[in-house]
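The primary structure of each chain is shown beneath.
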Amino acid sequence: MGSYLTNLAFSMMNKTGNLLLSPPVGGGFGQFRNHGPRDQRKVAITFDDGPSVPCTTELLDAMADLDVKGTFFCVGQNTAMNPDVVARAFAEGHTIGNHSMAHRRMTSIRPTGGDHIDQGAEEIRKVIGCMPRLYRPPWGWLTPWEGRRLHQRGYTIVGWDVYTLDWRIPEPDGREVAAGVCRDTKPGSILLFHDAYPGAKHWKKSETTRAIQTIVPALRAQGYEFVTIPELFNIPAYASAPTTQSPVID
Ligand SMILES: [Zn+2]
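To keep things clear, this report deals only with the structure shown in the data block. The numbering scheme is per chain: residues are counted from 1 as the chain's sequence reads. Where totals are concerned, whole chains, interfaces and linings use all residues; where local detail is concerned, this predicted model gives features only for residues with pLDDT of at least 70, and gives and counts side-chain atom pairs only at 80 or more. Hydrogens are left out, water is left out, and the side-chain values use all remaining heavy atoms of the structure.

Observations regarding the pattern of salt bridges
Quick note on the threshold: Every case where a carboxyl oxygen of Asp or Glu lies within 4 Å of a side-chain nitrogen of Lys or Arg is listed as a salt bridge. Under the DSSP-based scheme used, a helix requires at least four consecutive residues in state H or I and a strand at least two consecutive residues in state E, with every element numbered from the N terminus. Three labels apply to residues, based on accessible area from a 1.4 Å probe with only protein chains included: buried if under 20% of the type maximum, exposed if over 50%, partly exposed otherwise in between.
For the coordinates displayed, the defined rule picks out 15 salt bridges. Arg-153 is the salt-bridge partner of Asp-118, the closest N and O atoms lying 2.7 Å from each other. Taken together, the residues Asp-118 in helix α6 (residues 115-128) and Arg-153 in the loop between α7 (144-152) and β6 (156-157) connect sequence positions 35 residues apart. The salt bridge partner of Glu-146 is Arg-149, with a shortest N-O separation of 2.7 Å. Of this pair, Glu-146 and Arg-149 both sit in helix α7, three residues apart, which is roughly one turn of the helix. One exposure class covers both Glu-146 and Arg-149, and it is buried. Through salt bridges with shared partners, a single ionic network connects Asp-173, Arg-175, Glu-207 and Arg-210.

Here we look at the layout of surface pockets
The cut-off we apply is this: A pocket, in this scheme, is an open set of points on a 1 Å grid over the protein atoms alone with protein on both sides within 12 Å along at least 5 of 7 lines, while a cavity is a set where a 1.4 Å probe fits but cannot get out; residues line either one if an atom lies within 4 Å of a point. Grid points are joined across faces, edges and corners, and a volume is the space filled by probe spheres set on the points. Here the nonpolar group is Ala, Val, Leu, Ile, Met, Phe, Trp, Tyr, Cys and Pro; Asp, Glu, Lys and Arg are the charged ones; every other residue, Gly included, is treated as polar.
What the largest pocket holds in volume is close to 820 Å³. Forming the boundary of the largest pocket are 28 residues, of which Asn-18, Trp-139, Tyr-163, Trp-167 and His-194 lie nearest the centre. Those elements that provide at least two residues to the lining of the largest pocket are α1 (2-21) and β7 (190-194). The element that contributes the greatest number of residues to the lining of the largest pocket is α1, accounting for four residues. Looking at the lining of the largest pocket residue by residue, the class counts come to 16 nonpolar, seven polar and five charged. Here the second largest pocket defines a volume of roughly 170 Å³. If you trace the second largest pocket, you find it lined by Met-101, Ala-102, His-103, Arg-104, Thr-107, Arg-110, Thr-112, Gly-113, Gly-114, Asp-115, His-116 and Gln-119. Broken down by element, the lining of the second largest pocket gets its largest block of residues, three residues, from α6. In terms of residue class, the lining of the second largest pocket is made up of two nonpolar, seven polar and three charged.

Structure follows, in structure tokens:
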């Protein structure tokens with residue numbers, strides 16, 4: 001009974017938090033950018049919670065075959081565990097954004113502090129040589145004060161308008177995920193996928209890749225073009241131009 005009530009309370013907290021704090025339905029107090037211009041058939045693929053092996057590397061292989069670039073919102077801990085994967089994604093033209101250091105809900109809704117933002121950025125900088133300027137909060141939970149911390153640091157806060165359940169365990173069928181995405185996509189849409197479980201170095205997850213392999217040709221056939229988040233909004237991805245030195249991996 002105790003655990004039933006705990007689960008019920010947790011579920012209610014999650015539902016309320018998602019409603020108030022997450023995109024795209026009113027959450028985040030208007031601080032999110034949930035989609036690009038609705039008058040151009042451009043859409044952006046985004047991935048959260050990674051990188052992981054082999055999920056992210058398989059995705060990168062598939063995206064290279066499809067000649068499509070995405071935006072990866074990386075968790076600092078995952079970046080530290082798989083720096084070579086982040087370096088590869090960056091080298092292949094994907095955009096790297098910040099998804100906090102450890103994907104903890106409480107750090108981002110606490111009224112003070114910003115280490116979870118800065119540490120996540122620093123892990124990315126160590127790998128790609130420049131500071132990210134795109135941020136997606138863990139769970140999409142964004143309070144007004146977290147938004148202020150992010151804006152003070154120069155971040156654009158990126159939400160989504162097409163949500164998938166590809167994070168579920170076991171993974172939902174990639175063709176069903178793809179069908180939902182193709183149904184919900186509009187000009188300017190930002191599509192949300194997941195390429196890891198936060199904090200897991202290794203993650204086997206092939207249905208997300210299968211969904212991408214279905215979605216890209218299907219939406220291209222409808223005249224859609226795939227762009228990165230900086231291209232969708234015409235904004236910089238990083239604080240300064242990437243260095244010409246080789247990425248540092250330690
Ligand atoms: Zn996440």
